[in-house]
Amino acid sequence: MIESKKGTVQRVRLEPAQQLELENIQRRHFLRAGLTVGAMSMLTGCNLQDGDQVDKVLWAMSRWNDRVQAWLFSGQKLAPTFSRAQITTPFPFNAFYSQDDIPEVDLASYSLAVSGRVRNKAPWTLESLRNLPLRSDITRLICVEGWSAIGQWGGVPLKSFLERIGADTTAKFVGFKCADHYYSSLDMPTALHPQTLLALDYGDVALPPEYGYPLRVRVPTKLGFKNPKHVVEIFVSNDNPGGYWEDQGYNWFSGI
Ligand SMILES: Nc1nc2c(c(=O)[nH]1)N[C@H]1C(S)=C(S)[C@@H](COP(=O)(O)O)O[C@H]1N2
Ligand SMILES: [Mo]
């Protein structure tokens, strides 16, 4: 176990190839961020003593960077999949709090709320979700904190769900609100990606509490923090809903 800014997380030892992959991803993110602070100040003429100004420019650059990344993202390229034998056991738990504080979601009163740019705003029970076409993939979850792990998630492709609720798929964003007040959001092409799931199962069983019971979003083309657990509301919007870590400076797009 190690202490991190997000609380106590389990450390999974990476194989050299995985370590290299993670470093490459981090390097790519760094390169995408592009300009040095010096170059930035010359470009913008902004005085680096003025924290607010610098902040504004950095945020503008980050948003621009998101748009370039979204533009480069094909929307259909599949994330790698793995065999059952490659699954990481036990799968690590991570959240902005420790394992003792995992929210207890009461199934009897649970429903998934739907709002924003959608035709049908009726809430969904877990049972009605399970009646939609299901899909399962064995994929790798990569956390910015420097660990990755392979697991199997099953559930409803978010695309099928968005179609069923009559979502405006020309809108730019899909946002998620969670029972623990975590939140995150995806660009529409990623929301419609075939491997993006409203996951109900981990392996062959219903998602256990630590992995996001009763419903989590599983997005193998994004870093771990864009995989919200304990989701209680989904909404479609043209305004960027941001996210818990995204709003603290982590890159919003965070594709891998
Ligand atoms: N509701 C909620 N979802 C969350 C988080 C959280 O704190 N709360 N943490 C995120 C982060 S940073 C990671 S790496 C993954 C970890 O998922 P896991 O616990 O299944 O490994 O969940 C993401 N989804
Ligand atoms: Mo993470």
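Residues numbered from 1 in each chain as written. Chains lettered and ligands numbered in written order. Predicted model: local features only at pLDDT ≥ 70, side-chain atom pairs only at ≥ 80, totals over all residues. Heavy atoms only, no water.

An unreviewed UniProt entry lists the protein under the name DMSO/TMAO reductase YedYZ, molybdopterin-dependent catalytic subunit, with Pseudomonas mucidolens given as the organism.

Participant: How should the sheet that holds strand β6 (residues 173-178) be read in this particular structure?
Facilitator: Note: strands within a sheet are paired through backbone hydrogen bonds, in either parallel or antiparallel orientation. Taken in spatial order, the four strands of this open sheet run β3-β11-β6-β7, and their pairing is mixed. Edge positions in the open sheet fall to β3 (113-116) and β7 (183-187), since each of these has one partner strand only. Mean inter-strand twist for the sheet, computed between neighbouring axes without regard to direction, equals 20°. (Pairing = 2+ DSSP bridges. Helix = DSSP H or I, 4+ residues; strand = E, 2+ residues; numbered from the N terminus. Axes fitted to C-alpha atoms, helices over the stretch in contact; angles between N-to-C directions.)

Participant: Looking at this structure, how should I read the nonpolar core?
Facilitator: One recurring pattern in soluble globular proteins is that nonpolar side chains are buried together. The biggest cluster of nonpolar side chains holds 35 residues, and the ones touching the most others in it are Leu112, Leu129, Leu158, Phe161, Leu162, Leu198 and Ile234. Secondary-structure elements contributing two or more residues to this core are α4 (126-130), α5 (158-164), β6, α6 (188-191), β8 (197-202) and β11 (231-237). Each residue touching Leu112, except ones within four places of it in the same chain, is listed here: Pro123, Trp124, Leu129, Phe161, Leu215, Val231, Val232, Glu233 and Ile234. (Core = buried A, V, L, I, M, F, W, Y, C linked by side-chain atoms within 4.5 Å. Buried < 20%, exposed > 50% of the residue type's maximum accessible area, 1.4 Å probe, protein only. Contact = heavy atoms within 4.5 Å.)

Participant: Explain the site of ligand 1 here, please?
Facilitator: Around ligand 1, the surrounding shell holds 21 residues, and the nearest of these are Pro92, Asn94, Asp180, Arg216 and Lys229. Within the contact set of ligand 1, an oxygen atom lies 2.9 Å away from a backbone nitrogen or oxygen of Asn94. Measuring from a nitrogen atom of ligand 1, one finds a backbone N or O atom of Asn227 at 3.0 Å. Broken down by class, the residue content of the shell around ligand 1 amounts to 13 nonpolar, three polar and five charged. (Near = heavy atom within 4 Å. Polar contact = N/O pair within 3.5 Å; in protein donor to acceptor, adjacent residues only side chain to side chain. Nonpolar A, V, L, I, M, F, W, Y, C, P; charged D, E, K, R; others polar.)

Participant: Any chance you could explain the side chain of Thr196 here in plain terms?
Facilitator: Mapped onto the elements of the fold, Thr196 is located in the loop between α6 and β8. Its relative accessible area of 0% is what places Thr196 among the buried residues. Ignoring anything within four residues of it in the chain, the contact list for Thr196 reads Val156, Pro157, Leu158, Leu186, Thr190, Ala191, Val217, Arg218 and Val219.

Participant: So what exactly am I meant to see when it comes to the pattern of salt bridges here?
Facilitator: Any two side chains of opposite charge can pair, on the condition that their charged atoms come close. Under the counting rule described, the total for this entry stands at eight salt bridges. Arg117 is the salt-bridge partner of Asp168, the closest N and O atoms lying 3.0 Å from each other. Of this pair, Asp168 sits in the loop between α5 and β6 while Arg117 sits in the loop between β3 and α4; the two residues are 51 residues apart in sequence, bridging distant segments of the chain. Arg117 sits in the partly exposed class, given a relative accessible area of 42%. Here Arg130 ties to Asp201 by a salt bridge, and the two come within 2.8 Å at their closest N and O atoms. On the criterion of sequence distance, the pair formed by Arg130 in helix α4 and Asp201 in strand β8 is long-range, its members being 71 residues apart. (Salt bridge = Lys/Arg side-chain N within 4 Å of Asp/Glu carboxyl O.)

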